[in-house]
Amino acid sequence: MEGAAVRDGDGRTYAAATVRLPSLRLTALQAAVAAAVASGATGLEAAVIARAVGSSGAAGPDDASVAAARDLGAPLLMVVDTRGSVLHRMTW
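Since the model is a prediction, treat every value here as computed from it, not as a measurement. Numbering of residues starts from 1 in each chain and follows the order in which that chain's sequence is written. Given that the model is predicted, a residue must reach a pLDDT of at least 70 before its local features are reported, and side-chain atom pairs must reach 80 or more before they are shown or counted; all residues, however, enter totals for whole chains, interfaces and linings. Think of the side-chain values as coming from all heavy atoms in the structure, minus any hydrogens and water.

Chemist: Residues and numbers for the environment of aspartate 62, please.
Modeler: To qualify as a helix, a DSSP run of H or I must reach at least 4 residues; to qualify as a strand, a run of E must reach at least 2; elements of each kind are numbered from the N terminus. Inspection of the secondary structure assignment puts aspartate 62 in the loop between strand 5 (44-51) and helix 2 (63-71). By relative accessible area, which is 28% here, aspartate 62 ends up partly exposed. Sequence-wise, aspartate 62 and leucine 29 are 33 residues apart; in three dimensions their C-alpha atoms are separated by 9.8 Å. In this description, contact between two residues means that some pair of their heavy atoms is separated by no more than 4.5 Å. In this structure, aspartate 62 is in contact with Glu2, Thr27 and Arg51, ignoring residues within four places of it in sequence. At 2.9 Å, the side chain of aspartate 62 and the side chain of serine 65 are in polar contact. For every residue, the accessible area obtained with a 1.4 Å probe (protein chains only) is divided by the maximum for its type, and the residue is called buried under 20%, exposed over 50%, and partly exposed between those limits. Pairing of N or O atoms within 3.5 Å defines a polar contact, subject to two protein rules: one partner must be a possible hydrogen donor and the other a possible acceptor, and residues neighboring in sequence count only if both atoms are side-chain atoms.

Chemist: I'd love a proper account of the environment of alanine 36, names of residues and values included.
Modeler: Inspection of the secondary structure puts alanine 36 in helix 1 (residues 28-38). Note: C-alpha distance between alanine 36 and aspartate 62 (26 residues apart in sequence) is 20 Å. Non-local contacts of alanine 36, meaning those with residues more than four positions away in its chain, are made with Val6, Tyr14, Ala41 and Leu44.

Chemist: How would you explain the pattern of salt bridges if you had to name every residue and give the values?
Modeler: Salt bridges, as used here, are contacts in which a Lys or Arg side-chain nitrogen is within 4 Å of a carboxyl oxygen on Asp or Glu. Counted according to the given criterion, the structure contains 4 salt bridges. Notably, a salt bridge pairs glutamate 2 with arginine 51, separated by 2.8 Å at the nearest N-O pair. One end of the pair, glutamate 2, is in strand 1 (residues 2-8); the other, arginine 51, is in strand 5, with 49 residues separating them in the sequence. A relative accessible area of 14% places glutamate 2 in the buried class. Among the residues examined, arginine 51 registers a relative accessible area of 9% and is labelled buried. A salt bridge links arginine 12 to aspartate 10; the nearest nitrogen and oxygen atoms lie 3.5 Å apart. Overlapping salt bridges, with partners in common, bring together Asp8, Asp10 and Arg12 in one network.

On their own, these measurements won't tell you what the molecule is for.
Structure follows, in structure tokens:
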């Protein structure tokens, strides 16, 4: 389980958590991007994924989360732990 937030070009921030339902699965970042799009955002300034300290798995983001951030043109994607330490940083 993780959380994510994105900031749109107007300075609005959208936050979400991982969605794991029998009929719907979204990464936290996909859910945050969906909330931004539903509110009319057409671009992102940045995206961040927050993971629990000591959580297992790779430090980098999964492919689905990267794709969601890139769809709205976020030039920066960071993965942080809940203490705020940067685990991974991507720019494009």
